[in-house]
Amino acid sequence: MGLVGVNSAAGASDVHPGPKTSTIVLQAPTAYKPKAPPGGGTDDYHCTLLNPHLTHNAFITSIDFKPNSLEVHHEITYAVPPDLAAAAEAQNDGGKGWTCFGESGLNRGGAAGSLNGGTPWLTAWGPGHDLSKEPVGTGAPMPAGTLVIMQEHYNMLEGDKPVRSKLTLTTVPASTPLRPLRLNIVAAPPDIPCAPGVTGPMCNRTAELASVGTRFGKGQELLVDGLESLCGRNPSDPPVGDTTTCTWPMNTTGNIVELAPHMHLLGVGMKFVLNPGKPSQQTLLNVTDYDFHYQRGYVLSKPVPVTPGDTIGITCTYNPQLQEELPILRKVPPHFVTWGDGSTDEMCLGLIFTTPANNVSESVALAHAFSPSV
């Protein structure tokens, strides 16, 4: 693990006093040089374990990630709850981190590579911004003793030089009157054929899915099949095309305050719809100009209340012609595109940030946010 420094400073002037803020700067002790996985391919996922040395519960109000290299395709910051700290240390390979396709690899009974493991997401970074600020009046809870995993996806089509990224957390004490953020993840499985007129041996879904398993492990094939089933499709013969959609139960009571789309290089649009197909249907966000190189979160102008029984639909739209137009994608043969961890694969991933319902007291919200099983 590496800890560069912890510096504290007043968060506001004497004229406008505010909560005391702490700035925690985290960085791996040495640079990491991406390497192709044993199954081949041009992508590497590496997890670095970092210790913010938190002795008191805190809220994160912003996270600043500096990738320091074009090779970094994305970064996810995971919280390691205190009860998983020993398992994380055991996996840390003498402080050098570990390979972690999909999720962090630390789970509470879930399958490795699943979308929901034992390490909650704190934030995610994609090209286009470095600083991620939480919506006004909210914060991401960080219990005392929490460790941090910095997962970086390296796209080796961009290069393989050593990378030493930096992560800066801005925190305030848990006593600060903020509403704790909770992150829900929804997804849909892409099944995108080659563009019209384009042919090749990998323009076949079966061949491409086998490639995903070779590059990232059999678990990734199982993940694709699992997503297809969850979305009501036949995993052996799903519908194909340049759009994909799936509806998920919310299973929570609270307020949606922010939404963030994530796709790869073929993605051009994403829509979030509350209660699709019902009289109460409401479009929460419709991004029609998605650009992988400029990703962002969208804070809603007004929080949207949800309760168990509500559903959220996610729809992603792709342009398969970009396989032939983008120089980075022309480095690999044309291929059918499924869900996968590679930069030349695709995702349809929606991040939904919620806060507790208005009728939940601050003390109850805090007790839940900072419970040991966060």
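Remember, predicted model here, so these are calculated numbers, not experimental data.

### Overview of the confidence of the model for the protein chain
Line of reasoning, step 1. Mean pLDDT over the protein chain: 88, with 91% of residues reaching 70 or higher.
Line of reasoning, step 2. With pLDDT under 50 throughout, residues 1-16 is counted as low confidence; its partners more than four residues away or in other chains account for 42 contacts.

### Overview of the environment of L70
Line of reasoning, step 1. Looking at the secondary structure, you find L70 in the loop between strand 4 (58-66) and strand 5 (72-80).
Line of reasoning, step 2. Sequence-wise, L70 and P127 are 57 residues apart; in three dimensions their C-alpha atoms are separated by 8.9 Å.

### Section: the packing of helix 2 (residues 205-216) against helix 3 (residues 218-230)
Line of reasoning, step 1. Where helix 2 contacts helix 3, the two axes come as close as 5 Å, and the packing angle between them is 130 degrees. Judged on the interaxial angle alone, helix 3 and helix 2 are oblique. Between helix 2 and helix 3, the residues in contact are R205, L209, A210, V212, G213 and F216 and K218, Q220, E221, V224, D225 and E228, respectively.

### Topic: helix 5 (residues 362-369)
Line of reasoning, step 1. Within the sequence span of helix 5, burial applies to A365, L366 and A369. Along the long axis of helix 5, the arc covered by the buried residues comes to 95 degrees, so they all point the same way. Among the exposed residues of helix 5, those oriented more than 90 degrees off its buried face are S363, A367 and H368.
Line of reasoning, step 2. Tucked into the core, helix 5 has its buried residues touching strand 4, strand 9 (138-142), strand 12 (179-180) and strand 22 (349-356).

### Quick word on the sheet that holds strand 16 (residues 254-262)
Line of reasoning, step 1. With respect to topology, four strands assemble into an open sheet ordered 13-22-16-19, the strand pairing being antiparallel. One side of each edge strand has no neighbouring strand; the edge strands of this open sheet are strand 13 (182-187) and strand 19 (298-306). Ignoring strand direction, the axes of neighbouring strands in this sheet form an average angle of 30 degrees.
Line of reasoning, step 2. By the bridge criterion, six bridges tie strand 13 to strand 22 in an arrangement that is antiparallel. From the neighbouring strand, L183 faces strand 22, where its bridge partner is F353.

Conventions and cut-offs
Residues numbered from 1 in each chain as written. Predicted model: local features only at pLDDT ≥ 70, side-chain atom pairs only at ≥ 80, totals over all residues. Heavy atoms only, no water. pLDDT = per-residue confidence, 0-100. Contact = heavy atoms within 4.5 Å. Helix = DSSP H or I, 4+ residues; strand = E, 2+ residues; numbered from the N terminus. Axes fitted to C-alpha atoms, helices over the stretch in contact; angles between N-to-C directions. Parallel < 35°, antiparallel > 145°, perpendicular 65-115°, else oblique. Buried < 20%, exposed > 50% of the residue type's maximum accessible area, 1.4 Å probe, protein only. Arc of directions from axis to C-beta. Pairing = 2+ DSSP bridges.

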